[in-house]
Amino acid sequence: MAAMRRIASTLLLLSCLSAQGKPYQEGDVDAFLAAAKAAGRPAIVLFNFDAKSG
Amino acid sequence: MLLPSQQLADLSERFSICLSGKTSPANCDVRYRQLYWLMVFNKQGELQHACRLGDELGKVTKQGFDVPNAFIEIVEDAIKKPASLQQMQRDYVAAGGSTKAFAALNQKVKDLQGVGQMHTAEFLAKVADKAKDPVLSRARGLMVEADACSHQVINHGAYKHLRTGIGAFVQAHPDHAMAGELLTPLLEVGMKYSFDVAGKCRSYAQQWANNDATAAHKKIADRLLKRGEQVVAKTKKELGEMKPSDYGYLRSLAVCGDAKATLAKLESTKTFGVFRPIHKEWRAEAQAKLAGSK
């Protein structure tokens, strides 16, 4: 039940983010971080998982 | 609730946001696969905080926040953290690898829920020569690497890398206090998915106690042999209490080096995912052992 709630909260949050008219970038995370650093902006990354990590 | 919220719009004004999909940022290796990790980077591009997003949202929404506000709370708390991982690494170098600086670095990795732990292990090895005790810094790197390995998805290559690293460390520094301590992660992590642990220990012992071996080499080789025998005896006892269908039964057969039983069990076991290279290795080593005993 708790796990379901966690998943639901996460998916709901992602839906909220999507509904913002895409105020975010998708993919190419290292270039994204380099750009944020160059602009002097803090950054948030939401990462699922991949085969090479974990 | 699904409509755009002013809070999230405001947040995106202050923070760049990236949904990175299935690629983690460089040097941000994760422990275990989770449905979404949140990573927060400061304006210098350094990792300030990381957490399993679902767990954190669960905690904060229980305090009465809705999901968008809970997310903002999490991000606001994260960016206020006193230091980034990279800052703690710089502090470690500046302090000459002091015990205090190492403890602080370890605590930061713990606060990050293990994100960047493998990177930190590599860092400790890389900056070893800048520490007052370079050998100790290398040993710490191996300990951190072992902890990372033991808290991630089973990874054949990572275990092998750890075994190689510890083996080389003990060979080079048999009389260092950490050499004895590293036997535990060598056995419990590095050899957790090894076929014939006693045989592996004999192989390391032979390497360490070769022609130009010192008394320290021989002493630590003996320690490893004894520890290896203990692991096998314990695993045999556990096997006696298990059913063949139990999880871990095949691994236990392999650890004990029972070639015939391991091969028979492999025949009736479906191999998938992370176990493919491990089962392949067990099969090859069990066949070689049987062939050698004929």
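Residues numbered from 1 in each chain as written. Chains lettered and ligands numbered in written order. Predicted model: local features only at pLDDT ≥ 70, side-chain atom pairs only at ≥ 80, totals over all residues.

What about the overall build of chain A?
Scanning chain A for helices and strands turns up 2 helices and 2 strands. In chain A, buried positions account for 31% of the 54 residues. (Helix = DSSP H or I, 4+ residues; strand = E, 2+ residues; numbered from the N terminus. Buried ≥ 20, exposed ≤ 12 C-beta atoms within 10 Å, placed from the backbone.)

Observations concerning the overall build of chain B
Assigned secondary structure in chain B consists of 14 helices and 3 strands. Here the contacts in chain B between residues at least 6 apart in sequence split such that 58% fall between residues at least 24 apart. (Contact = placed C-beta atoms within 7 Å.)

Overview of helix α8 (residues 156–172) of chain B
Residues and elements named next belong to chain B. For α8, with 17 residues, the first-to-last C-alpha span of 25 Å sits near the 24 Å given by 1.5 Å per residue. Every buried residue belonging to α8 is among A158, Y159, L162, R163, G165, I166, F169 and V170, and all of these are buried. The buried residues of α8 occupy an angular sector of 165° when projected down its axis, which confines them to one face. In this structure, α8 carries G157, T164 and A172 as exposed residues pointing more than 90 degrees from its buried face. Along its buried surface, α8 packs onto α7 (134–150), α9 (177–190), α10 (197–208) and α11 (215–240). (Expected span 1.5 Å × (residues − 1). Arc of directions from axis to C-beta.)

Let's talk about the confidence of the model for chain B
Detailed reading of predicted coordinates is not advised where the pLDDT is low. When pLDDT is averaged along chain B, the result is 93, and 97% of the positions lie at 70 or above. The ipTM assigned to the predicted complex is 0.82, against a pTM of 0.88. (pLDDT = per-residue confidence, 0-100.)

Digging into the packing of helix α13 (residues 259–267) of chain B against helix α14 (residues 275–293) of chain B
All names here are of chain B. Interhelical geometry of α13 versus α14 gives an angle of 140° and a closest axis separation of 9 Å. On the basis of their axis angle, the class for α13 and α14 is oblique. The way α13 lies across α14 gives a crossing that is left-handed. Across the interface between the two elements, A259, K260, T262, L263 and L266 from α13 touch H279, W282, R283, A286, Q287, K289 and L290 from α14. Tallied by class, the residues present in the contact of α13 with α14 amount to 6 nonpolar, 3 polar and 3 charged. (Axes fitted to C-alpha atoms, helices over the stretch in contact; angles between N-to-C directions. Parallel < 35°, antiparallel > 145°, perpendicular 65-115°, else oblique. Left-handed = near helix turned anticlockwise from the far one by under 90°. Nonpolar A, V, L, I, M, F, W, Y, C, P; charged D, E, K, R; others polar.)

Thoughts on the confidence of the model for chain A
Residue and element names in this part refer to chain A. Put simply, chain A has an average pLDDT of 75, and 59% of its residues get 70 or more. No element of chain A has a lower mean pLDDT than helix α1 (residues 2–18), at 67, and none a higher one than helix α2 (residues 29–39), at 94. Considering only residues more than four positions removed or in separate chains, one finds that residues 50–54, a stretch of pLDDT under 50, has 12 contacts.

Observations concerning the packing of α8 of chain B against α9 of chain B
Two packed helices can be described by the angle between their axes and the distance between those axes. Residue and element names in this part refer to chain B. Between α8 and α9, the shortest axis-to-axis distance is 10 Å and the interhelical angle comes to 160°. The angle between the axes of α8 and α9 places the two elements in the roughly antiparallel class. In this structure, the crossing between α8 and α9 has a hand that is left-handed. Contact with α8, carried on its side by Y159, L162, R163, I166, F169 and V170, involves A179, L182, P185, L186, V189 and G190 of α9 and no other residues of that element. For the contact of α8 with α9, a count of residues per class yields 10 nonpolar, 1 polar and 1 charged.

Quick word on the pairing of strand β2 (residues 43–47) of chain A
Extensive coverage of β2 of chain A is indicated by the burial of 5 of its 5 residues. Side-chain alternation along β2 of chain A places A43, V45 and F47 of chain A on one buried face and I44 and L46 of chain A on a second face that is also buried. In this structure, β2 of chain A lies alongside strand β1 (residues 16–21) of chain B, joined through 5 bridges in parallel fashion. When the sheet's bridge partners are listed, A43 of chain A is paired in β1 of chain B with S16 of chain B. The pairing of β2 of chain A with strand β2 (residues 37–41) of chain B spans 5 bridges and is classified as antiparallel. Bridging across to β2 of chain B, I44 of chain A finds its partner in V40 of chain B. (Pairing = 2+ DSSP bridges.)

Notes on the sheet that holds β2 of chain A
Taking strand neighbours across the sheet as the criterion, the 5 strands line up as β1(A)-β1(B)-β2(A)-β2(B)-β3(B) in an open arrangement whose pairing is mixed. In the strand order of this sheet, the two ends are held by β1 (25–26) of chain A together with β3 (47–52) of chain B, each with one partner.

As for the environment of D10 of chain B
Residues and elements named next belong to chain B. Position of D10 relative to the elements: it lies in helix α1 (residues 6–14). C-beta crowding within 10 Å serves as the criterion here: with 11 such atoms nearby, D10 is assigned to the exposed category. For the pair D10 and I72, spaced 62 residues apart in the sequence, the C-alpha separation amounts to 9.7 Å.

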